[in-house]
Amino acid sequence: MSVTVRPVTDSVGAEILGVDLARLSDNDFTAVEWAWTEHSMILLRGQTLRDDDLLAFSRRFGELDPPPNQERGRISPPGYPDIYVVSNVLDAKGEPIGALGAGEAVWHTDMSYLDTPPDASMLYALEIPPAGGNTWFCGMQAACAALPDDLRRRIEGRRIKHDGTYNSGGYLRKGVTPTDDPMAAPGAWHPAILRHPNGRPTLYLGRRRNSYVEGYDRAESDALLEALWAHVTEPRFVYEHAWRLGDLVMWDNRSTMHRRDPFDGAARRVMHRTQIKGSARPVAFAA
Ligand code: OGA
Ligand code: MN
């Protein structure tokens, strides 16, 4: 098999062709891993994966992280504690089988409220709605490289507080006290500009809600964050993914953010997801 890597934008993402993830040689795995490091997000279409295949592919990148605590806790298919279900579908008792419902999931990176967030996450499409539910990615290395000087100066050497109260669907995480005060909120502090293991600087914003830049008062921090968020979500840094059945998308959680469009709640969307445990705490670019 010959592996082809085709970038989907100049800023983030590449489609990989010529690969069957259920039968992946060591050489082809190396090519896939390289594409992921280089492009921060990879797309492989037309895959046929059982949960065991998804787990086996995921584990080639490292140890897996258990699912995040979401609105209903941690939900996995029976017997698969390392698989996390993103879905609006209801079970026989009328309870969701997964997380995030059918609404918008706002821009975020996964679990940055932990001291050591996962290095990567991947989603495999099992059922998709006829319209909506597209997933968007932005390239935080490209956005960092193009950061206007005044914005760079205002965040250089500073840390940002990342919130663990709400998930990207706007739901309160199970067992967490609601708050709109970044200082009272559970979460973690991370450098605003990280050194990615590939050596490049990357902006690390996490999520907007309850975020706070150290060394400013709340209003100054909010104004600065608004300017940063407007910059990183400019169309030139963004890829919009329209799902097809059998798509597998994997993203580098340090150098991308993602969001999801809402879709008709009467339609079904079922994604199975894994995530790779963080190999190290995020470190500042200019230490
Ligand atoms: C996730 C996530 C978005 C989507 O799985 O971390 O944000 O498109 N999913 O389902
Ligand atoms: Mn996410």
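Right above here is the structure, for reference.
A brief look at the structure comes next. Residue numbering note: each chain is counted from 1, following its sequence as written. Each chain gets a letter, beginning with A, and each ligand a number, beginning with 1, in the order they are written. Given that the model is predicted, a residue must reach a pLDDT of at least 70 before its local features are reported, and side-chain atom pairs must reach 80 or more before they are shown or counted; all residues, however, enter totals for whole chains, interfaces and linings. For side-chain calculations, the full set of non-hydrogen atoms in the structure is used, while hydrogens and water are omitted.

Focus on helix H1 (residues 26-39)
Side chains three or four residues apart in an α-helix point the same way, a direct result of the helix having 3.6 residues per turn.
And step 1. Secondary structure elements follow DSSP: runs of H or I no shorter than four residues count as helices, runs of E no shorter than two count as strands, and numbering proceeds from the N terminus. A helix is expected to reach a length of 1.5 Å times the quantity of its residues less one. Its 14 residues place the ends of H1 20 Å apart at the C-alpha level, agreeing with the 20 Å of an ideal helix rising 1.5 Å per residue.
And step 2. Buried residues are those whose accessible area, probed at 1.4 Å on protein chains only, stays under 20% of the maximum for their type, while exposed residues exceed 50% and partly exposed ones sit between those limits. Within H1 the residues assigned to the buried category are Asp 28, Phe 29, Val 32, Ala 35, Trp 36 and His 39. Buried positions in H1, seen along its axis, are confined to an arc of 125 degrees and lie on one side of it. Residues Asp 26 and Asn 27 are exposed on H1 and point more than 90 degrees away from its buried face.
And step 3. Contacts were defined at the residue level, with two residues in contact if any of their heavy atoms lie within 4.5 Å. In the core, the buried residues of H1 are packed alongside strand E1 (4-7), strand E2 (14-17), strand E3 (41-44), helix H2 (51-59), strand E7 (120-127) and strand E15 (248-252). Along the arc lie the directions from the helix axis toward the C-beta atoms.

With respect to the coordination of the manganese ion (ligand 2)
And step 1. Around the manganese ion (ligand 2), the protein contributes the donor atoms His 108 (NE2), Asp 110 (OD) and His 258 (NE2), which lie 2.1 to 2.2 Å from the metal centre.
And step 2. Only N, O and S atoms count as donors, using a 2.8 Å limit from the metal and a wider 3.2 Å limit for Na, K and Ca, and since water is excluded some coordination spheres may look unfilled. As a motif over one chain, the donors of the manganese ion (ligand 2) read H-x1-D-x147-H. Taken as a pair, His 108 in strand E6 (residues 105-108) and His 258 in strand E16 (residues 256-260) lie far apart in primary sequence, 150 residues in all. Of the two residues examined, His 108 and His 258, each falls in the buried class.

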